[in-house]
Structures are given as structure tokens and as C-alpha cells.
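Each chain, letter by letter, is given below.
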Amino acid sequence: MEKRYRERKRMSETKGLILVFTGNGKGKTTAALGMGLRAWGQGMRVLVLQFIKGGWRYGELNATERLGGRFAIRQLGEGFTRADNGKTMGDHREAARHALEEANKEINAGNFDLIILDEILYALKFGLIDMEEVLALLDKKPPHLHLVLTGRDAPPEIIDRADLVTEMREIKHHYKKGIKAQRGVEF
Ligand code: ATP
Ligand code: MG
């Protein structure tokens, strides 16, 4: 299967896309992971770089461990969304910068067919990384690589360069009823 995908890639049947999952509703990261699973099933090599470490998404970590090295998840953030964990703004900035470097390196290295930059749009929104750096990353994407970006509030510059943008719109969220995060649903 992996070999067949490589063959197709060489025959230029593959047009690498820039895909964005944004909006206030739940489902951005799960959509990206679902696409990752689909790609894995096609023999593709998938990498997820988490810019903002959520801390407890163990479900996907446990699952992908069983998929072998062809589906890798690297948590690179410092848990920015969790208040009061003793980290300074400088720590967060450094972690986000490191994540961006890793993204740059992997996008160029060609070891993966689909790369998911999870929550990169939050890092951008919070000013942990610069727009110019992210745009440079998109501009030099190799032609066969699919790149997925997630996070709320995708800025117009990113939307402009993307081939697909889906906005998750919240109609209801159980959290508003005071229901806490549920195993298998949120982590
Ligand atoms: P998921 O990882 O479940 O696909 P997401 O990537 O769309 O969610 P994020 O903004 O990354 O959403 O936030 C992650 C966490 O915040 C998840 O646990 C999710 O349930 C929760 N969340 C997402 N959207 C909302 C919302 N509109 N109201 C409250 N909590 C939310
Ligand atoms: Mg998310």
C-alpha cells in the first residue's frame, strides 16, 4: 500500500493541499486526526505536531502508538491553554518557536505525506509566532505534501493561501450545560 502511494506520487497524481480547520465549534483537531487516519490507511506517512499541548489527549496518543512510525504525534507546546502552570510567556514563545522549527524541518525533509500543524493558529493568535514565518512555511511546501492547520480564528492571509477552509460552527456544546470533558469525546 505504501509503495502504491509512492508510485502515484511520482506519477504526479497527488496535488498537495493546504487545508484549514477553524471556527469556534468542536471538531477541528478530530477532523484533522480523522484525515490522518484515512491517509494512514492509504499507506501514507502522517505527522502531527501539536503547537499547544492540551495535556490530556491520551486517546489519540495511545491509538497512534499502535499504528507504528508511519503515524507520529509530537507534543511540542507548553500547555498554553491551561492557566497557572508556572510557565512564563517566554517559555510559551520558546516552545512555539521550537514547534515551528520542527515544522520547517519536517516539511523540507520529505519523510511524511501529510503533516498536521495542530493548534498552530492559536500560537499565531496569541502572538507566540509571527505571521511572516507561517506564510513562509506555506509558500515553500513541497508540491506533493498535504498540510493541515487547525485552531480558531484563521486569519485572512492564511485563508487566502489555503485550498480548503472549513469553519466548525458551534450550535451547542455540552460544556455550556456544565458537563465536563468526557473520555473518548474530548481526550
Ligand atoms: P477537538 O479536539 O475535540 O476536535 P477542537 O480542536 O475543535 O476540539 P480546540 O479549540 O482545540 O477545539 O479545543 C479543544 C478542547 O476544547 C476540546 O476538549 C473541546 O471539547 C473543547 N471545545 C471545543 N470547542 C468548544 C466550545 N465551543 N465550547 C467549549 N469547549 C469547546
Ligand atoms: Mg484542537
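Residues numbered from 1 in each chain as written. Chains lettered and ligands numbered in written order. Predicted model: local features only at pLDDT ≥ 70, side-chain atom pairs only at ≥ 80, totals over all residues. Heavy atoms only, no water.

- Looking at an unreviewed UniProt entry, one finds the chain named Cob(I)yrinic acid a,c-diamide adenosyltransferase and attributed to Desulfofundulus thermobenzoicus.

**What about helix α2 (residues 28-41)?**
- Its 14 residues place the ends of α2 20 Å apart at the C-alpha level, agreeing with the 20 Å of an ideal helix rising 1.5 Å per residue.
- Of the residues making up α2, those classed as buried are K28, T29, A32, L33, G36 and A39. Angularly, the buried residues of α2 cover 130 degrees about the axis, an arc narrow enough to put them on a single face. (Helix = DSSP H or I, 4+ residues; strand = E, 2+ residues; numbered from the N terminus. Expected span 1.5 Å × (residues − 1). Buried < 20%, exposed > 50% of the residue type's maximum accessible area, 1.4 Å probe, protein only. Arc of directions from axis to C-beta.)

**Quick look at the sheet that holds strand β6 (residues 164-167)**
- Strand order across the open sheet formed by six strands is β3-β2-β4-β5-β1-β6, with parallel pairing between neighbours. The strands lining the two open edges of the sheet, one partner per strand, are β3 (71-75) and β6. Strand-to-strand twist of the sheet, defined as the mean angle between neighbouring strand axes without regard to direction, takes the value 15 degrees.
- When strand β1 (residues 18-22) meets β6, the two strands line up parallel, connected through four bridges. Looking at β6, one finds that L19 is bridged to L164.
- Strands β1, β2 (46-50), β3, β4 (114-118) and β5 (146-150) of the sheet are contacted by α2, whose axis makes an angle of about 165 degrees with β4. (Pairing = 2+ DSSP bridges. Axes fitted to C-alpha atoms, helices over the stretch in contact; angles between N-to-C directions. Contact = heavy atoms within 4.5 Å.)

**Details of the side chain of H146**
- In this fold, H146 is placed in strand β5.
- Look at H146 and you get buried, because its relative accessible area is 16%.
- Looking at H146, its side chain comes within polar contact range of the main-chain nitrogen of L17, at 3.0 Å.
- Residues contacting H146, with those up to four places away along its chain left out, are Y5, T14, K15, G16, L17, M44, D113, L114 and I115. (Polar contact = N/O pair within 3.5 Å; in protein donor to acceptor, adjacent residues only side chain to side chain.)

**Thoughts on the site of ligand 1**
- In the vicinity of ligand 1 there are 15 residues, among which K26, K28, Y122, E170 and E186 approach most closely.
- Between ligand 1 and the protein, one listed contact pairs a nitrogen atom with a backbone N or O atom of N24 at 2.9 Å.
- Between ligand 1 and H173, the relevant distance is 3.3 Å, taken from an oxygen atom to a side-chain nitrogen or oxygen of the residue.
- Considering each element in turn, the shell around ligand 1 owes the most residues, three residues, to α2.
- Residue composition of the shell around ligand 1, grouped by class: two nonpolar, six polar and seven charged. (Near = heavy atom within 4 Å. Nonpolar A, V, L, I, M, F, W, Y, C, P; charged D, E, K, R; others polar.)

**Focus: the side chain of T22**
- Mapped onto the elements of the fold, T22 is located in strand β1.
- A polar contact is formed between the side chain of T22 and the backbone nitrogen of A154, at a distance of 3.1 Å.
- Leave out the neighbours within four places in its chain, and T22 touches K28, L121, G151, R152, D153, A154, V165, T166, E167 and M168.

**What about the packing of aromatic side chains?**
- In this structure the tally under the stated criterion is one aromatic pair.
- Aromatic pair Y122 and F126: ring centres 6.2 Å apart, planes at 25 degrees, arrangement stacked.
- Assessed through its relative accessible area of 15%, Y122 is described here as buried. (Phe/Tyr/Trp six-rings, centres within 6.5 Å; stacked < 30°, edge-to-face > 60°.)

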